[in-house]
Amino acid sequence: MPVKTKIPTGSATALKGKKDLLGTGQALWKKAKTMIPGGNMLLSKRPEMFLPEQWPAYFSKAKGCKVWDLDGKEYIDMSIMGIGTNILGYGHPEVDEAVHQVVNKGNMSTLNCPEEVNLAEKLIELHPWAEMVRLARSGGEANAIAIRIARAATGKEKVAICGYHGWHDWYLSANLGDDKSLDGHLLPGLEPQGVPRNLRGTVFPFTYNNFSQLEKLVKTHDIGVIKMEVMRNQGPQDNFLQKVRKLATDRGIVLIFDECTSGFRETYGGLHLKYGVNPDMAMFGKALGNGYAITAVIGKREVMEATQKSFISSTFWTERIGPTAALKTLEVMQKEKSWKQITETGGTIRKGWQSFADKYGLEIEHWGLPALTGFTFKSPHALAYKTLITQEMLKKGYLAGNSVYVCIKHTAANIAVFFDALDPIFGKIKECEEGRDLMSLLKGPICHSAFRRLN
Ligand SMILES: Cc1ncc(COP(=O)(O)O)c(C=O)c1O
């Protein structure tokens, strides 16, 4: 029997008197799973990824770096911040005001919105190597668009990839193995059921910083496109990006940088600007509209013109909120120098984790850009420790785990109080390393882990 849950939509006061503070969200999550396959639309937001059976699951309000659950309980978000969508914090007043004006004047019409041209111009200004732009509304779409354009431009089907590039057939086909009964898993955790088997052998993953592996792929297969994240967990070594660029140029391969996550986190634009290596195409998503749906594909004219040899067209790519939000977000980012702020804050967070690791004699490994910083305990119990942190920090009013997508509303004061709260939990983990029963500390199951990355 599905659980009948009344979903509170009002303010915290309307919810007064609720006894079980985590109950409403978890009850709704159980109901959701009876109607929505997987429970929601994004793997990374499943409560099981954080704290099975205890995570508040749904929000009623979000502002700055704070989130309120369905029972009106307030949390400071020291976790995925909408999975990296809100560098300026939730509900930024200037971005929201620009969106309100669009809502008042009209979001949709038979005519096109001028903001899309202004946004294209702005993205080209920030990336002078690019000359043309297409807009979309999700990162996966932008990636699919880029692949279609690049294949049309080169006339070649085979693609070498490194990183995460969305859910579409072209990408998941990397996981179609040779054996029909047992599909291979080059990207563990991503299931290719439903992807046509005849796409097998069109996409070849390579490991970040492994140039000889990529070179071999390019030589063995007739690779026409290389698509990769500029950096995810570790930075480039031994001129990796420069070597990839040269290989692509020498062989007439279209080089695509997927900047959906890395964009605007360390530079005002793509992370490739930092390394001085220009691709032939790049995609932006996530933070571009500070929480409003907008993504972009930018590229050199000779490649982007191939769009017209194909058919790439969609109704809601013409709505007005996305480009309006992006234009205002870019303006505020520039004013705030947000990429500098979040890089500095991320560095402070990283140091904080390390200081606790040193204090308690625990070994941790750091990963990610400073503004998307994370760590893992070097222990077979790493996932259980992460779960323990989430469980204990939730009680103290934090959404937290072992990584933070930093926003400009994560102030020094926020960070200091966060670390005060975290200190005794590292202490407990130390006790567990010395033999304390970890499972007796956990009130529910251990969290699930995401798919394993190649970069
Ligand atoms: C590098 C990269 N590309 C593409 C995507 C897919 O974007 P979306 O979830 O908006 O479809 C993501 C999302 O995490 C990403 O990190």
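Above this text sits the structure in question.
Residues numbered from 1 in each chain as written. Predicted model: local features only at pLDDT ≥ 70, side-chain atom pairs only at ≥ 80, totals over all residues. Heavy atoms only, no water.

Let us look at the site of the ligand. Around the ligand sit S138, G139, G140, N143, Y164, H165, E229, R232, D258, C260, T261 and K286, and those are all the residues in its vicinity. One nitrogen or oxygen atom from the main chain of G139 is found 2.8 Å from an oxygen atom belonging to the ligand. Here a nitrogen atom of the ligand sits 3.2 Å away from a polar atom, N or O, in the main chain of Y164. Within the complex, 84% of the 400 Å² of free accessible area of the ligand lies under protein. Looking at the shell around the ligand, the element that brings in the most residues is helix α5 (residues 139-154), giving three residues. Residues of the shell around the ligand, tallied by class, amount to two nonpolar, six polar and four charged. (Near = heavy atom within 4 Å. Polar contact = N/O pair within 3.5 Å; in protein donor to acceptor, adjacent residues only side chain to side chain. Areas by Shrake-Rupley, 256 points an atom, 1.4 Å probe, with all protein chains shown as cover. Helix = DSSP H or I, 4+ residues; strand = E, 2+ residues; numbered from the N terminus. Nonpolar A, V, L, I, M, F, W, Y, C, P; charged D, E, K, R; others polar.)

With that settled, consider the environment of K386. Tracing the chain through its elements places K386 in helix α13 (residues 382-395). In this structure, the C-alpha to C-alpha distance between K386 and C447, residues 61 residues apart in sequence, is 7.9 Å. Sequence-distant contacts of K386, that is, excluding residues within four places in its chain, are made with M49, N402 and C447. (Contact = heavy atoms within 4.5 Å.)

The three strands are arranged β11-β12-β14 in an open sheet whose pairing can be described as antiparallel. Because the sheet does not close on itself, it has two edges, and the strands there are β11 (364-367) and β14 (403-405). Put simply, the sheet's adjacent strands are angled 15° from each other on average, direction ignored. Direction of pairing for β11 relative to strand β12 (residues 372-377): antiparallel, over a ladder of four bridges. Of the residues in β12, the one forming a bridge with I364 is F377. (Pairing = 2+ DSSP bridges. Axes fitted to C-alpha atoms, helices over the stretch in contact; angles between N-to-C directions.)

It is the contact of helix α7 (residues 211-220) with helix α8 (residues 240-251), at a shortest axis distance of 10 Å, that shows an interaxial angle of 15°. Judged on the interaxial angle alone, α8 and α7 are roughly parallel. As α7 packs across α8, the resulting crossing turns out to be right-handed. The residues of α8 that touch α7, namely those facing F211, L214, E215, V218 and K219, are F240, K243, V244, L247 and R251. (Parallel < 35°, antiparallel > 145°, perpendicular 65-115°, else oblique. Left-handed = near helix turned anticlockwise from the far one by under 90°.)

All right, on to the nonpolar core then. As a rule of thumb, soluble globular proteins bury nonpolar side chains together. In this structure, I226, M228, W353, F377, L422 and F426 are the most contacted members of the largest nonpolar core, which totals 106 residues. The contact partners of I226, leaving out residues within four places of it in the chain, are A160, F206, L214, V218, V244, L247, I253, V254, L255 and I256. Counting residues in hydrophobic clusters, the runner-up holds 31 residues, among them Y171, V203, A306 and W317. (Core = buried A, V, L, I, M, F, W, Y, C linked by side-chain atoms within 4.5 Å. Buried < 20%, exposed > 50% of the residue type's maximum accessible area, 1.4 Å probe, protein only.)

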